[in-house]
Amino acid sequence: MTELTLFNSLTRSLEPFVPVHPGEARVYSCGPTVYNYPHIGNMRAYVFADVLGRTLSWKGYKLTHVINITDVGHLTDDADAGEDKLEKAAAQRAQSIWDIAKHYTEAYWADIKALNIRQPAHWSIATDYIDAMIEFAESIAAEHCYELDSGLYFDVSTVADYGRLARAVTEEGEGRIEAVDGKRNAADFAIWRKTPPGEKRQMEWDSPWGRGAPGWHLECSVMSGKLLGFPFDIHTGGIDHREIHHANEIAQNQAFCGCGSLSTATNSGAKIWMHNNFLVERSGKMSKSSGEFLRLQLLIDKGYHPLAYRLMCLQAHYRSELEFSWEGLGAALTRLKRMLMAAEKLSEVASPREGGDLRQQGAEGADTAPLSRDRLHPKFVPMLEKFDAAMSDDLNTAVALTALEDALAVKKVDLAAKRAVIAEMDAVLGLNLFGLTRADLRIRPKDATITEAEIEDELVRRKAARADKDFATSDAIRDELAGKGVEVMDGDPLGWEWKLA
Ligand SMILES: Nc1ncnc2c1ncn2[C@@H]1O[C@H](COP(=O)(O)OP(=O)(O)OP(=O)(O)O)[C@@H](O)[C@H]1O
Ligand SMILES: [Zn+2]
């Protein structure tokens with residue numbers, strides 16, 4: 001197999017993946033802040049992390065993936081300004097934070113499942129790690145922190161190369177950081193926020209610095225270090241985390257590991273820091289802080305299968321901005337239908353792999369292991385090589401998809417051999433080609449007034465009428481269906497037969 005190279009935001013270059021622990025890959029992904037539903041832009045971050053994890057499993061590494069759930073500490077501004085996003089949501093809706101966190105965590109998990117994102121080894125919930133956060137903060141406080149009335153602050157001048165990940169803390173960057181009286185450096189950040197006197201927060205804990213709550217950056221340092229051990233291999237997140245959140249995590253990790261210099265990979269906590277670019281709308285970055293936003297459920301309600309959105313993500317490189325449009329989603333759906341039609345023919349044959357179900361694998365992902373090469377039909381060698389080269393080149397899923405389509409187009413070949421190759425590629429891309437059916441991919445909005453069974457019955461009747469050359473009946477059925485919003489698609493090259501108009 002080709003050597004896997006990944007783009008490291010820390011060095012701004014492509015680097016070969018060399019695991020810290022031979023044969024293993026340990027990955028941490030910043031999880032959602034569960035104060036609201038995730039929008040589809042947030043989910044792009046997890047499609048990306050999932051493809052990374054699947055690729056590592058496929059390359060034979062034993063994967064341990066951690067995704068956290070931020071249920072405390074994330075302020076309305078990524079730096080120190082604003083309120084806790086969860087406290088704010090709870091106050092606005094007069095609800096308990098715990099209920100809010102539970103509701104949105106479950107909504108996020110439903111999206112994870114719908115997008116065929118594998119379960120990580122651990123979902124770490126921030127509030128389960130408060131003691132560990134206090135311990136971590138205590139261990140670095142004397143050398144790296146100072147206390148103000150509002151909290152315990154990290155002094156960024158106590159570690160070398162602060163902000164190296166962000167590259168040049170721009171004036172704009174500095175401008176975003178709230179001026180707090182007594183802060184030694186503009187970029188210093190709270191690792192523990194004290195509850196202001198006379199105020200009561202729903203989520204607060206005792207600490208050596210008074211009652212309060214942890215800072216968001218502290219959470220990720222603590223959970224990643226606890227569950228994966230420093231240094232671990234890869235830390236992921238959206239590009240917005242490169243400037244502040246991850247720069248601050250690195251500073252804390254440097255302090256914790258007792259090594260101020262960033263000259264070795266070990267003390268930044270993770271060897272490779274990877275960032276997905278944004279999903280944007282014509283109007284700009286998709287953001288749930290700004291009111292209206294697109295949820296996966298909306299796509300589903302409009303009749304689009306969630307895996308069409310997954311495919312839309314895979315069509316772009318994760319480091320490129322991706323613009324969402326309904327036309328683009330429709331095009332991705334059509335492409336997925338074509339793939340499914342080609343894969344359908346293989347459904348009848350058993351995969352030569354044992355336990356052929358490659359979907360929603362267990363956390364370790366052992367079943368993404370490649371097919372032994374001596375069982376690979378020679379016709380598929382070039383496609384698998386192209387696929388491997390693309391995925392190994394910093395996860396070039398756009399090209400890998402074309403290799404999958406090349407393989408799907410191969411004719412006159414043993415079907416079991418073909419199925420094995422498609423299954424292998426699909427285990428990496430996660431499109432669930434052998435689990436989907438045509439009916440799954442039909443556009444059928446939630447508010448449609450006619451059931452699928454009724455449509456099918458009418459179509460059977462119409463087919464019979466046409467076979468009898470009874471075009472009057474056939475046309476009448478067609479018109480009747482049109483009256484109910486169903487467009488019959490005679491001669492539809494995809495053979496999907498109908499869609500809701
Ligand atoms: N438009 C986007 N496209 C891709 N990834 C995104 C986008 N917006 C946020 N992310 C990423 O989604 C993940 C979850 O983010 P989180 O739940 O903290 O969202 P948030 O910052 O509260 O949301 P928002 O910025 O939408 O208000 C993070 O890795 C973040 O970088
Ligand atoms: Zn994080």
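Criteria and thresholds
Residues numbered from 1 in each chain as written. Chains lettered and ligands numbered in written order. Predicted model: local features only at pLDDT ≥ 70, side-chain atom pairs only at ≥ 80, totals over all residues. UniProt positions renumbered as here; feature names shortened; annotations may be inferred. Helix = DSSP H or I, 4+ residues; strand = E, 2+ residues; numbered from the N terminus. Contact = placed C-beta atoms within 7 Å. Pairing = 2+ DSSP bridges. Axes fitted to C-alpha atoms, helices over the stretch in contact; angles between N-to-C directions. Parallel < 35°, antiparallel > 145°, perpendicular 65-115°, else oblique. Left-handed = near helix turned anticlockwise from the far one by under 90°. Nonpolar A, V, L, I, M, F, W, Y, C, P; charged D, E, K, R; others polar. Buried ≥ 20, exposed ≤ 12 C-beta atoms within 10 Å, placed from the backbone. Right-handed = clockwise from strand over helix to strand, strands pointing away. Expected span 1.5 Å × (residues − 1). Arc of directions from axis to C-beta.

For the protein chain, the name recorded in an unreviewed UniProt entry is Cysteine--tRNA ligase, with Tsuneonella suprasediminis as its organism. Here is the UniProt Catalytic activity (unreviewed entry) comment for the protein chain, exactly as written: "tRNA(Cys) + L-cysteine + ATP = L-cysteinyl-tRNA(Cys) + AMP + diphosphate".

K.L.:
Explanation requested: the overall build of the protein chain in the structure shown.
P.N.:
A count of helices and strands for the protein chain gives 16 helices and 16 strands. Considering only contacts in the protein chain between residues 6 or more positions apart, those separated by 24 or more positions represent 74%.

K.L.:
Looking at this structure, I do not really get the sheet that holds strand E4 (residues 62-69). What am I missing?
P.N.:
Strand pairing in a sheet is mediated by backbone hydrogen bonds. Such pairs are either parallel or antiparallel. In space, the 5 strands of this open sheet follow the order E5-E4-E3-E10-E11, with parallel pairing throughout. Of all the strands in the sheet, the pair left with one neighbour each is strand E5 (122-125) and strand E11 (270-276). In this sheet, adjacent strand axes meet at a mean angle of 20 degrees when their direction is disregarded. Sheet topology note: the strand E3 (residues 24-29)/E4 ladder contains 6 bridges and is parallel. Bridge assignment links Arg26 to a residue of E4, and that residue is Thr64. On top of the sheet, helix H6 (residues 216-228) reaches E3, E4, E5 and strand E10 (232-238); it is set at about 150 degrees to E4, its chief contact.

K.L.:
I'm lost on the packing of helix H15 (residues 452-467) against helix H16 (residues 471-483) in this one. Help?
P.N.:
For any two helices packed against each other, the geometry comes down to the angle between their axes and how far apart the axes lie. Between H15 and H16, the least distance of the axes is 8 Å, while the angle of their chain directions is 160 degrees. Put simply, H15 runs roughly antiparallel to H16. The two elements H15 and H16 meet at a crossing, and its hand is left-handed. Touching Ile455, Glu458, Arg461, Arg462, Ala465 and Arg466 of H15 are Thr473, Ser474, Ile477, Arg478 and Leu481, all from H16. The residue inventory of the contact of H15 with H16, partitioned by class, reads 4 nonpolar, 2 polar and 5 charged.

K.L.:
Please explain the pairing of strand E2 (residues 13-16) as it appears in this structure.
P.N.:
Regular strands place their side chains on alternate faces of the sheet. Strand direction decides the pairing type here: strand E1 (residues 5-8) and E2, joined by 4 bridges, are antiparallel. Bridging across to E2, Leu6 finds its partner in Glu15. Remark: 4 residues form the turn of the hairpin made by E1 and E2, two consecutive strands paired antiparallel; Arg12 in that turn has positive phi of roughly 55 degrees.

K.L.:
Help me understand the UniProt feature "binding site: ATP" (unreviewed entry) in the protein chain in this model?
P.N.:
Here, UniProt's "binding site: ATP" (unreviewed entry) annotation points to Lys288. Mapped onto the secondary structure, Lys288 falls in the loop between strand E13 (284-285) and helix H8 (296-301). Look past the residues within four positions of Lys288 in its chain and what remains in contact with it is Asn36, His39 and Phe293.

K.L.:
Mind showing me how you'd approach the sheet that holds strand E14 (residues 322-323) here?
P.N.:
Reading across from one edge, E13-E12-E14 is the order of the 3 strands in this open sheet, with mixed pairing throughout. Each end of this open sheet is capped by a strand with a single partner; those strands are E13 and E14. Here strand E12 (residues 279-281) pairs with E14 via 2 bridges, running parallel. Across the sheet, residue Leu279 finds its bridge partner in E14, namely Leu322.

K.L.:
Looking at this structure, I do not really get the pairing of E4. What am I missing?
P.N.:
Of all 8 residues that make up E4, 7 are buried, and the element is covered over most of its length. Of the crossover connections in this fold, the one passing from E3 over helix H1 (residues 40-58) to the parallel E4 is right-handed. Here E4 runs beside E5; their pairing, made up of 4 bridges, is parallel. Across the sheet, the residue bridging to Asn68 is Ser124, located in E5.

K.L.:
Any chance you could explain the environment of Val27 here in plain terms?
P.N.:
Positionally, Val27 belongs in strand E3. For Val27 and Thr473, which are 446 residues apart along the polypeptide, the C-alpha to C-alpha distance reads 61 Å. Aside from chain neighbours lying at most four places away, what touches Val27 is Leu52, Gly53, Leu63, His65, Asp233, Ile234 and Thr236.

K.L.:
When you look at helix H10 (residues 326-344) in this model, what are you seeing that I'm missing?
P.N.:
Because the α-helix completes a turn every 3.6 residues, residues three or four places apart line up on one side. Taking 1.5 Å as the rise per residue, H10 with 19 residues should run 27 Å; its terminal C-alpha atoms sit 26 Å apart, in good agreement. Of all the residues in H10, the buried ones are Ala332, Leu333, Leu336, Lys337, Met339, Leu340 and Ala343. The elements touched by buried residues of H10 are helix H9 (306-314), helix H12 (397-409), helix H13 (415-429) and helix H14 (438-441).

K.L.:
So what exactly am I meant to see when it comes to the environment of Thr55 here?
P.N.:
Its location among the elements puts Thr55 in helix H1. Residue classification places Thr55 among the buried residues on the basis of 25 C-beta atoms within 10 Å. Beyond its immediate stretch of four places on either side in the chain, Thr55 contacts Leu4, Met391, Leu395 and Val428.

K.L.:
Explanation requested: H16 in the structure shown.
P.N.:
Under the 1.5 Å per step criterion, the end-to-end length of H16 is 18 Å for 13 residues, consistent within 8% with the ideal 18 Å. Along H16, the residues classified as buried are Ser474, Ile477, Arg478 and Leu481. Looking down the long axis of H16, one finds its buried residues gathered within 100 degrees of arc, a one-sided arrangement. Exposed positions of H16 whose direction lies more than 90 degrees from the buried face are Ala472, Asp479, Glu480 and Gly483. On its buried side, H16 packs onto H15 and strand E15 (486-488).

K.L.:
Can you walk me through the UniProt feature "binding site: Zn(2+)" (unreviewed entry) in the protein chain in this structure?
P.N.:
UniProt's feature table lists "binding site: Zn(2+)" (unreviewed entry) at Cys30, Cys220, His245 and Glu249, given in the numbering used throughout. The greatest C-alpha distance among the annotated residues, which extend across 220 residues, is 11.1 Å, indicating that they converge on a single site. Among the secondary structure elements, Cys30 is positioned in the loop between E3 and H1. Filtering out sequence-adjacent residues up to four positions away, Cys30 remains in contact with Asn68, Cys220, Gly237 and His241. Considering the arrangement of structural elements, one finds His245 in helix H7 (residues 245-257). On the basis of neighbour count, His245 is assigned to the buried category, with 22 C-beta atoms found within 10 Å.

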